[in-house]
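# Structure assessment
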Amino acid sequence: MILGRMRGAGIARAVMQGPRPVVLSGPSGAGKSTLLKKLLKDYENVFGFSVSHTTRQPRPGEVNGKDYHFVTREEMQKEIDAGEFIEHAEFSGNMYGTSKGAVQAVQAQNQICVLDIDIQGVKNIKKTELNPIYISVQPPSIEILEKRLRDRKTETEESLQKRLTAARVDLELSKEPGLFDLVIINDDLEKAYSELKAVLLEDREVTTALQLLPPHAETRTSTANAEHRGAVAAPGSLEVSKARLDGAWSKLGEWKLFLPVAGGAAG
Ligand SMILES: Nc1nc2c(ncn2[C@@H]2O[C@H](COP(=O)(O)OP(=O)(O)O)[C@@H](O)[C@H]2O)c(=O)[nH]1
Ligand SMILES: Nc1ncnc2c1ncn2[C@@H]1O[C@H](COP(=O)(O)OP(=O)(O)O)[C@@H](O)[C@H]1O
């Protein structure tokens, strides 16, 4: 995959401004969209979804411009060549990519931008100045992943097998130290969602207090679901008391008032 080139410092600054974006990655079927939809519904004014482009066919119920910008390969390649993309990748026989416009549209609303991208996208975003929080959502096992993908009934046997092959690669590559700030094992959905909220809250608390956007130093594995794959929680694992979480999370909307307004920092 080729990284779309940033054109000019102005665009880089425009993409960077505001609170840190959030990248959700992980195998197809791990539960990224499910978690994201809950987050976007519960905190609709706080988080905004970066609508990617893709050349894959829309699934029943998917809305053009909301779930994805559904485009042809030719249309997408033209925009890539014009430097309109932050990153793009080939996944399971289709092109996917994040346009600069997708991120800017969210930040123009003064919302925290959330990206759902594959592991190639993660590696390429790391080469940009976007500086998001990187979260990997993973299934408890490859067998459970396969069952969830089959039950979702969105794939043909061929595309399902391609996704399972990609999932095995994804799970191997995501072991790279420091690649993700947090790994969430999505076994019990509610637990996984609580962990997602907790880490987003924790980061907002720090960044809001300091008005800084520091990168995380270590990868943490969520404790609540860790036993399902025999993982041992690393030092510094996520431990947020419920009282602190409830109190602080509920303030997130208020904190937003104190965060830099999109456009304010542009030179
Ligand atoms: N690199 C990159 N990957 C993306 C982008 N948008 C979606 N993806 C990833 O493409 C993969 C396939 O997405 P999709 O076809 O919607 O299938 P699903 O994840 O199984 O619902 C997933 O891993 C997504 O995270 C993007 O803009 N860039
Ligand atoms: N914790 C969970 N337990 C059981 N089923 C789940 C869980 N999380 C997600 N699912 C289901 O698994 C399927 C894949 O989830 P989805 O959010 O589409 O994954 P992704 O966006 O990562 O491809 C969906 O049918 C979803 O309803």
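Below you will find a few notes about this structure. The structure presented is a predicted model; accordingly, all values stated were derived computationally and were not measured.

## A few points about the pairing of strand S8 (residues 133–138)
Across the six residues of S8, six count as buried, placing the element largely inside the fold. Of the two faces of S8, the one holding Ile133, Ile135 and Val137 and the one holding Tyr134, Ser136 and Gln138 are both buried throughout. Of the pairings in the sheet, the one linking strand S1 (residues 22–25) to S8 comprises four bridges and is parallel in character. The partner of leucine 24 across the bridge, within S8, is isoleucine 135. Pairing of S8 with strand S9 (residues 182–185), which is carried by four bridges, proceeds in the parallel orientation. If you follow serine 136 over to S9, its bridge partner there is valine 183.

## Thoughts on the site of ligand 1
Inspection of the region around ligand 1 gives 19 residues, with Ser28, Arg56, Tyr68, Tyr96 and Asp116 positioned closest. At 2.6 Å, a side-chain N or O of serine 52 approaches an oxygen atom of ligand 1. Residue aspartate 118 places a side-chain N or O atom 2.8 Å away from a nitrogen atom belonging to ligand 1. Computed on the free molecule, ligand 1 has an accessible area of 570 Å², of which 97% lies beneath the protein chains in the complex. A molecule is said to occupy a pocket when more than half its atoms come within 2 Å of that pocket's grid points, and by this definition ligand 1 occupies the largest pocket. Elements represented by at least two residues in the shell around ligand 1 include exactly strand S5 (85–91) and strand S6 (94–99). Tallied by class, residues from the shell around ligand 1 come to five nonpolar, six polar and eight charged.

## Topic: helix H7 (residues 157–173)
Helix length check: H7, at 17 residues, gives a terminal C-alpha distance of 24 Å against a target of 24 Å (1.5 Å per residue), a fit within 8%. Looking only at H7, the buried set comprises Ser159, Leu160, Arg163, Leu164, Ala167 and Asp170. Taken end-on, H7 shows its buried residues confined to a sector of 140°, consistent with a single buried face. Away from its buried face, by an angle of more than 90 degrees, H7 presents the exposed residues Glu158 and Glu172. Looking at the buried positions of H7, the neighbouring elements they touch are S5, S6, helix H5 (119–125) and helix H6 (142–152).

## A few points about the packing of aromatic side chains
The description of two aromatic rings rests on the distance between their centres and on the angle between their planes. Applying the stated criterion to the full structure yields three aromatic pairs. Over the ring of tyrosine 193 we find lysine 38; its NZ or CZ atom is 5.0 Å from the centre of that ring. Its end group placed over the ring of tyrosine 134, lysine 126 keeps NZ or CZ at 4.3 Å from the ring centre.

## Some thoughts on the pattern of salt bridges
Evaluation of the coordinates by the stated rule reveals 12 salt bridges. Between glutamate 146 and arginine 150 there is a salt bridge, with the nearest N and O atoms lying 3.0 Å from each other. Here glutamate 146 pairs with arginine 150, and both are found in helix H6, just four residues apart, close to one helical turn. We classify glutamate 146 as partly exposed; its relative accessible area is 25%. A salt bridge links glutamate 172 to lysine 175; the shortest N-O distance between them is 2.8 Å. Taking relative accessible area as the criterion, lysine 175 reaches 59% and is therefore assigned exposed. Overlapping salt bridges bring together Arg59, Arg152, Glu155 and Arg163 as one network.

About the thresholds
- Residues numbered from 1 in each chain as written.
- Chains lettered and ligands numbered in written order.
- Predicted model: local features only at pLDDT ≥ 70, side-chain atom pairs only at ≥ 80, totals over all residues.
- Heavy atoms only, no water.
- Buried < 20%, exposed > 50% of the residue type's maximum accessible area, 1.4 Å probe, protein only.
- Helix = DSSP H or I, 4+ residues; strand = E, 2+ residues; numbered from the N terminus.
- Pairing = 2+ DSSP bridges.
- Near = heavy atom within 4 Å.
- Polar contact = N/O pair within 3.5 Å; in protein donor to acceptor, adjacent residues only side chain to side chain.
- Areas by Shrake-Rupley, 256 points an atom, 1.4 Å probe, with all protein chains shown as cover.
- 1 Å grid on protein atoms, 1.4 Å probe; cavity = no way out; pocket = protein on both sides within 12 Å on 5 of 7 lines; lining within 4 Å.
- Sits in = over half its atoms within 2 Å of the grid points.
- Nonpolar A, V, L, I, M, F, W, Y, C, P; charged D, E, K, R; others polar.
- Expected span 1.5 Å × (residues − 1).
- Arc of directions from axis to C-beta.
- Contact = heavy atoms within 4.5 Å.
- Phe/Tyr/Trp six-rings, centres within 6.5 Å; stacked < 30°, edge-to-face > 60°.
- Lys NZ or Arg CZ within 6 Å of the ring centre and 35° of its normal.
- Salt bridge = Lys/Arg side-chain N within 4 Å of Asp/Glu carboxyl O.

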